[in-house]
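# Coordinates in review
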Amino acid sequence: MRQQAAAGKETFGLIIGTRAYFNSDLAIDVRKTLLEELEKAGYGYVILDECDTPTGGSMETVEDGKKCATLFRQYRDEIDGIIVSLPNFGFEVGIINAISRAELNVPVLVQACDDENDKVDLDHRRDAFCGKISVCNNLYQYGIPFTDTTLHTYSIHSELMMKDVHQFAAICRVVKKLTHCRIGQIGTRPLGFNTCRASEKLLQASGITVVPVDLSEILGNARKVDDNSPALKAKIEAICHYATVPETYREKLMLQAKFGVAVEEWIEANEVDAVAIQCWDSLEQNYGCAACVTMSMLGEKLIPAACETDLAGAVSMYALTLAAKQASALLDWNNNFAEDRNKCVCTHCGNFPKSFVKNDLKLGPLGVLGRTLGKVNTFGAVYGKCTEGEFTYFRISTDDTLGRIKAYLGKGEMTNDPYGMDGCIAVTKVDNLQGLMKFICKNGFEHHVAMVRTDVVEILREAIENYLGWDLYVHE
């Protein structure tokens, strides 16, 4: 049986376990409830029909497992993860054969149902508490990583069920899309940014492909954009609606918009998921504007754009965007906050997406580069002060010496403390910030960090530690 997912929703392979010693009607009831809840939430699923096994489509024997594996393989390109639900003890042999023979290599969630302690006669007892241990033991033996639920067992009607499914869906999304993604590299790494070095080969080993293009090609395409083209007019209008444009810089809008059109056309043509751009300082010197508003607007479309050709930064942003389905930003851990050593001012010239700032935006010249290259040549920076609220921070780094991808992860709060700098500003507070800074410095991490405005720590922790196999430090 196959149910089509709503657009943008994940599809799960479903396994309902059962065992001959127990009442199979319990499994039929759990199956019905689970399918109803998944359909209500818009998820797709692939499951055996009720007539496919003697127990109404539940899994018990090796033959049941083989039938399920064949079905799963048929839809392998659609299935993002597997959910195993145990209405009773379940028979591990059928379940492990279904998963191992299917060879989907996707995340697996194992859920088991509560017994009602006043209903433990032979017609009603489940023993799923015990059976779950056996199923997990088999997964461990076969080397198949899996995700556990919030509690060891709970009722299929518990609100925890769909809460766990939603989190599992995000884990599946991160794992699948991050290991099949294409990261655009527009331009080379700026000379003064050794910190932005990254290994394409280590990224590729995790399924992350770097797609490079010379900056001159993008600038050449930008100059070819017709002044009267609908795409250019639409981009100019979009910029004016996105942020306040000072009258003194109105004449630079066409130049800025042409760059944006060229970048977006290249991204679409090359099926790029996230991008790292050489924003400093060839663009300003050889073309005459900044890249910031283009990067900010891309991020708002959930196509993360990293500064200074920071490939690992772009991957970090994309991971957060996948986990949260929200715009992420790349920031510098930039300035101390003397009144509180757990606070830090995080900033960048002006690339934050509007929904990340959660405040009004205006455009202006770059601050630092504007002093040396001239304000008129550096127009396009986004100015915005982030409002208060929670955030998750995340950073990967390709450690060539160790031959590993390593990462750190944690959460904090943004505050409303004022800070008198131009560009995009976020005043952040992280518990034991000084310890985090020591970890970053001692372990060779970059000064850039990706952030998203919600808590996705557990989603990324599970995706990275359990399925991607990267070295991860979680700051708590």
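Each remark here, short or long, concerns the structure printed above.
Residues numbered from 1 in each chain as written. Predicted model: local features only at pLDDT ≥ 70, side-chain atom pairs only at ≥ 80, totals over all residues. Heavy atoms only, no water.

### Overview of the pairing of strand β8 (residues 209-213)
Both strand β7 (residues 182-186) and β8 contribute to a ladder of five bridges, which runs parallel. Bridging across to β8, G184 finds its partner in V211. Taken together, β7, helix α6 (residues 200-205) and β8 constitute a β-α-β crossover, and its handedness is right-handed. (Pairing = 2+ DSSP bridges. Helix = DSSP H or I, 4+ residues; strand = E, 2+ residues; numbered from the N terminus. Right-handed = clockwise from strand over helix to strand, strands pointing away.)

### With respect to helix α5 (residues 159-178)
Its 20 residues place the ends of α5 29 Å apart at the C-alpha level, agreeing with the 28 Å of an ideal helix rising 1.5 Å per residue. Counting buried residues along α5, 14 of its 20 residues qualify, which places the element largely inside the surrounding structure. Residue S158 occupies the N-cap position of α5, its side-chain oxygen lying 3.0 Å from the main-chain nitrogen of L160. (Expected span 1.5 Å × (residues − 1). Buried < 20%, exposed > 50% of the residue type's maximum accessible area, 1.4 Å probe, protein only. Polar contact = N/O pair within 3.5 Å; in protein donor to acceptor, adjacent residues only side chain to side chain.)

### Concerning the pattern of salt bridges
In total, this model carries 21 salt bridges according to the counting rule given. Two residues, K301 and E264, come together in a salt bridge whose shortest N-O distance is 2.9 Å. Residue K301 is located in the loop between α11 (292-300) and β10 (305-306), and its partner E264 is located in helix α9 (residues 253-269); the two are separated by 37 residues in the primary sequence. Judged by its relative accessible area of 47%, K301 falls in the partly exposed class. For the salt bridge of E446 with R395, the shortest nitrogen-to-oxygen distance reads 3.2 Å. Linking E446 in the loop between α15 (433-442) and β18 (448-452) with R395 in strand β15 (residues 389-399), this pair joins segments that are 51 residues apart in sequence. (Salt bridge = Lys/Arg side-chain N within 4 Å of Asp/Glu carboxyl O.)

### A closer look at the packing of aromatic side chains
Inspection of every chain in the model, using the stated rule, returns 13 aromatic pairs. For the ring pair F12 and Y43, a centre distance of 5.3 Å and an interplane angle of 50 degrees mean the geometry is tilted. Of this pair, F12 sits in strand β2 (residues 11-16) while Y43 is found in the loop between α1 (24-41) and β3 (44-46), placing the two residues 31 residues apart along the sequence. The exposure class of Y43 is buried, given its relative accessible area of 3%. What links up through ring pairs into an aromatic cluster is the set W333, F391, Y393, Y408, F439, F445 and Y473. One cation-aromatic arrangement involves K9 over Y43; the distance from NZ or CZ to the ring centre is 4.7 Å. (Phe/Tyr/Trp six-rings, centres within 6.5 Å; stacked < 30°, edge-to-face > 60°. Lys NZ or Arg CZ within 6 Å of the ring centre and 35° of its normal.)

### So, the packing of helix α2 (residues 62-74) against helix α3 (residues 92-102)
Where α2 contacts α3, the two axes come as close as 7 Å, and the packing angle between them is 30 degrees. In this view, α2 runs roughly parallel relative to α3, as classed from their interaxial angle. Helix-helix and strand crossings are classified by hand; for α2 and α3 the assignment is right-handed. Counting all contacts with α2, which are made through V62, G65, K66, C68, A69, F72 and R73, the residues of α3 involved are V93, G94, N97, A98, R101 and A102. Split by residue class, the contact of α2 with α3 holds seven nonpolar, three polar and three charged. (Axes fitted to C-alpha atoms, helices over the stretch in contact; angles between N-to-C directions. Parallel < 35°, antiparallel > 145°, perpendicular 65-115°, else oblique. Left-handed = near helix turned anticlockwise from the far one by under 90°. Contact = heavy atoms within 4.5 Å. Nonpolar A, V, L, I, M, F, W, Y, C, P; charged D, E, K, R; others polar.)

### Some words on the environment of S158
In this fold, S158 is placed in the loop between β6 (147-148) and α5. Classification of S158 as partly exposed rests on a relative accessible area of 21%. In terms of polar contacts, S158 uses its side chain to reach the backbone amide nitrogen of L160, at 3.0 Å.

### Thoughts on the nonpolar core
Across soluble globular proteins, nonpolar side chains show a tendency to be buried alongside one another. Membership of the largest hydrophobic core comes to 67 residues, with the highest contact counts inside it found for F12, L14, L38, L178, F394, I396 and L460. If you tally residues by element for this core, the top one is α5, at 12 residues. Dropping the residues within four chain positions of it, F394 is found in contact with S316, A319, L320, A407, Y408, L409, V449, A450, L460, I464 and L472. Y249, A257, M297 and A329 belong to the second largest nonpolar core, which has 39 residues in total. (Core = buried A, V, L, I, M, F, W, Y, C linked by side-chain atoms within 4.5 Å.)

### Things to note about the state of the cysteines
Scanning the model with the defined rule gives zero disulfides in all. With no disulfide of its own, C240 has C289 as its nearest cysteine by sulfur position, at a separation of 14 Å. This cysteine, C424, is not joined by any disulfide, and C386 carries the nearest cysteine sulfur, 6.9 Å off. With relative accessibility at 0%, the residue C424 sits in the buried group. (Disulfide = S-S within 2.5 Å.)

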